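# Structural overview for review
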Amino acid sequence: MSFESFPFNIGWELTLACNLRCSHCGSSAGLPKPNELTKEEALKICDQFPELLVQQVHFTGGEALLSPYWAEIALYLKNLGISTNILTNGYNLKPETVSKIESVGISAVGISLDGLEKTHDYIRGQEGSFKKVLTSINFLQQKDINIIVITTVNSLNVGELLDILHLLQSIGIRNWRVQPLIPTGRANNSKKIHLDDMGILKLGKFIQHWKPKSEMEGTNIICGDGLEYIFGTSDPERPWRGCPAGWITCSITSDGKVKGCLSLPDKFIEGDLRKNDLWSIWFNPNSFAYTRLFSYGDLGSNCNSCDKATECLGGCSSNSYSASGKFHNDPYCFYKINKTSSV
């Protein structure tokens, strides 16, 4: 066995069912997949995690809280010594659900906020969803549950980032993750919300300017999905060194397939947990070739002349493939756009 790293972090799409139809959804979530994992199958998968040194599992969807067994899986993993997070749209979070989140030991709740009220409601396709998110945040705060507010940055909300920051500071949010829209799934059909070069420039400059100031005031801005390699913002303790899919992370779909990242299309499924165990899939020498077998000759035209290419390795794999049809060729690169811009 020549490959010796382990999937320390796993993203798990518990169900594709969702109570919203958001225009930016990369999964085109709505109805559950026809043959989603049973609780028994899911628990058997959990039993495979300790020998693979899994440290944390991130539940997502669809709307993860619509899975009938999310709480049982979380408690099972807690008893195995594995931390869990859960991502929710916050649309229908009740106090009793928050109490269950607390009782099964969920470490953190990611909750989506995609703009100020008018923008958020438009993107989510449901009037009143913005107010429900704020109510859900309040329920979580009452239980002192760790919250990470997540904003998918697009053309409609990139101009609202400072106002969103001030709103989050006013309600005591300590962690805010910003991530650029990935043009896949339902988002691929909503061209008007796609970020252009100017949008990426605005996003990057906002992070560069406000991240240090915000941290001093108690709100940490977390860069996601490729933004980690914005020059000057990476954590020196954990610098961006390219897409981690297949190196230290992988994902499980609601019907038991394994991918490097849930945002990648199904053509990049590495195996089926109904047919093989995760150990066999993870250590298969042909798995995750787009990251594990990378060489600098694989860099696309957007990246092959960049002086940061040896650090970022062509950016976020999902962004790169969705936008350009090629890995290691991310066109949504603030560093490059900023370098060539006169703004």
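This write-up is about the structure you can find in this document.

Scoring rules and cut-offs
- Residues numbered from 1 in each chain as written.
- Predicted model: local features only at pLDDT ≥ 70, side-chain atom pairs only at ≥ 80, totals over all residues.
- Heavy atoms only, no water.
- Helix = DSSP H or I, 4+ residues; strand = E, 2+ residues; numbered from the N terminus.
- Contact = heavy atoms within 4.5 Å.
- Buried < 20%, exposed > 50% of the residue type's maximum accessible area, 1.4 Å probe, protein only.
- Pairing = 2+ DSSP bridges.
- Axes fitted to C-alpha atoms, helices over the stretch in contact; angles between N-to-C directions.
- Parallel < 35°, antiparallel > 145°, perpendicular 65-115°, else oblique.
- Lys, Arg positive; Asp, Glu negative; His and termini not counted.
- Salt bridge = Lys/Arg side-chain N within 4 Å of Asp/Glu carboxyl O.
- Polar contact = N/O pair within 3.5 Å; in protein donor to acceptor, adjacent residues only side chain to side chain.

What follows concerns the environment of Gly-242. Tracing the chain through its elements places Gly-242 in the loop between β7 (220-223) and β8 (249-252). Along the primary structure Gly-242 and His-58 are separated by 184 residues, whereas in three dimensions their C-alpha atoms are 20 Å apart. Residues in contact with Gly-242, not counting those within four places in the same chain, are Glu-311, Cys-312 and Leu-313.

Here we take up the pairing of strand β4 (residues 108-112). Taking burial as the measure, the five residues of β4 include five buried ones, the bulk of the element. Neither face of β4 is open: one carries Ala-108, Gly-110 and Ser-112, the other Val-109 and Ile-111, and all of them are buried. Pairing between strand β3 (residues 83-88) and β4: four bridges, direction parallel. Counterpart to Leu-87 in the pairing with β4 is Gly-110.

Turning our eyes to something else, we now look at the packing of helix α4 (residues 117-124) against helix α5 (residues 129-142). Contact pair α4 / α5: the axes reach a minimum separation of 7 Å and the direction vectors enclose 105 degrees. It follows from the interaxial angle that α4 and α5 lie roughly perpendicular. Judged by residue contacts, Glu-117, His-120, Asp-121 and Arg-124 of α4 engage Ser-129, Phe-130, Lys-131 and Val-133 from α5.

The residue Glu-36 is located in the loop between β1 (9-13) and α1 (39-46) in this model. Although Glu-36 is buried, it forms no salt bridge, and the closest oppositely charged side chain is Lys-33 at an N-O distance of 6.7 Å. Polar contacts involving the side chain of Glu-36 include one to the main-chain amide nitrogen of Lys-33, which spans 3.0 Å. Within the local environment of Glu-36, its side chain forms a polar contact with the side chain of Ser-254, the two groups lying 3.0 Å apart. If we skip the residues at most four places from it in the chain, Glu-36 touches Leu-14, Thr-15, Leu-16, Ala-17, Glu-41, Ser-254, Asp-255 and Arg-274.

Note that every value here comes from positions in space, so none of it alone points to a role or purpose.
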